[in-house]
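# Commentary on secondary and tertiary structure
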Amino acid sequence: MKALPALAGVLLLACVSAAHARFFIPKDTLLVFGMYERDSYAAEASYGLRRDWSVTAGWQRDRADDGDTVREYTYVRANWLLHRRGEGGWIRNLYLFGGPAWVRSNALDHGDEPGLQLGIWGDYETRRVYLKASLQTFWNEEFSQTTQTLQALWAPYAAEYGGIASWIGVQLQRRNGLSDATQVAPRRRFFQRRWWIDIGVGVNSEHRGSVFFDAMYLF
């Protein structure tokens, strides 16, 4: 009987993690995700095939800090839950993902070019703390673009299962191939079992005042 509270906590974190990770998608569940920032837009639809596998179709548009270079990616990828462990009120995950991508850029003299999207994502979570590190690369013969992200969030209160949770924190991001700056963005997150909303604003000199908005929903 003593193990029941710990088990309940792990099950709760497993559901909460779906609102953080974007890759932990329950079997036969559809996830839709959208992102808006000053220099980046994205839309994705993902479907859970098994506990540890999902597939995603998506589109992303990025603009470099010079304001001239614009790149668009259409991609299909597989997401693999390589490692998951949780006990005593915490859970950690490690994901690998990748697949073909088609690249269009105003810096190219021709149309869509074939390429790849590859990445790794790791996170650690309790009911009050969330930490994430990720790396994503778009590659083709003409250029590569790598996004490195670190995120730390803290919950002022531990939400009950099914209730609305609220987190505050900061994200650091480098977009090698598009920018020489490290984007610093305080953010606020709200989520429940099936949805998640992030809002925030850039504070470093290159992105100061730029607003971003992320949203996700599980069907």
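See the structure printed just above.
Here's a quick rundown of the structure. Since the structure is predicted, the reported quantities are computational estimates derived from the model, not experimental observations.

The rules behind these values
- Residues numbered from 1 in each chain as written.
- Predicted model: local features only at pLDDT ≥ 70, side-chain atom pairs only at ≥ 80, totals over all residues.
- Heavy atoms only, no water.
- Helix = DSSP H or I, 4+ residues; strand = E, 2+ residues; numbered from the N terminus.
- Buried < 20%, exposed > 50% of the residue type's maximum accessible area, 1.4 Å probe, protein only.
- Contact = heavy atoms within 4.5 Å.
- Salt bridge = Lys/Arg side-chain N within 4 Å of Asp/Glu carboxyl O.
- Pairing = 2+ DSSP bridges.
- Axes fitted to C-alpha atoms, helices over the stretch in contact; angles between N-to-C directions.
- Phe/Tyr/Trp six-rings, centres within 6.5 Å; stacked < 30°, edge-to-face > 60°.

Turning our attention to the overall build of the protein. Secondary structure assignment for the protein yields one helix and 12 strands. Overall, the protein shows an N-to-C arrangement of helices and strands of α-β-β-β-β-β-β-β-β-β-β-β-β. With 219 residues in all, the protein has 47% of them scored as buried. Partitioning the intrachain contacts of the protein with sequence separation of at least 6 by distance along the chain shows that 47% fall at a separation of at least 24.

For the structure shown, the criterion picks out nine salt bridges. Among the salt bridges present, the one from R63 reaches D39, with a minimum N-O distance of 2.8 Å. Here R63, found in strand β3 (residues 53-63), pairs with D39, found in the loop between β1 (30-37) and β2 (40-48); they are 24 residues apart in sequence, far enough to count as distant. The exposure class of R63 is partly exposed, given its relative accessible area of 29%. Take D39: its relative accessible area is 8%, and that puts it in the buried class. Linked by salt bridges that have partners in common, R187, R189, D198 and D214 make up one network.

Read around the closed barrel, the 12 strands follow the order β1-β2-β3-β4-β5-β6-β7-β8-β9-β10-β11-β12; overall the barrel is antiparallel. Across the sheet, the mean angle separating the axes of adjacent strands is 15° when strand polarity is ignored. Alignment of strand β9 (residues 165-176) against strand β10 (residues 182-191), held across 10 bridges, turns out to be antiparallel. When the sheet's bridge partners are listed, L172 is paired in β10 with V184.

Turning to the pairing of strand β8 (residues 144-154), a few remarks are in order. As defined by bridge partners, strand β7 (residues 129-139) adjoins β8 across 11 bridges and the pair is classed as antiparallel. For S134, the partnering residue across the bridge sits in β8 and is T149. Following β7, the chain reverses through four residues before pairing antiparallel with β8. For β8 and β9, the ladder comprises nine bridges, and the chain directions are antiparallel. Note that in β9 the partner of A152 across the bridge is V170.

Here we take up the packing of aromatic side chains. Summed over all chains, the structure comprises eight aromatic pairs. Aromatic side chains F33 and W196 sit 6.0 Å apart centroid to centroid with 45° between the ring planes, which places their arrangement in the tilted category. Taken together, the positions of F33 in strand β1 and W196 in strand β11 (residues 195-201) put the pair 163 residues apart, joining distant regions of the chain. Members of the aromatic cluster, joined through ring pairs, are Y73, Y75 and F138.

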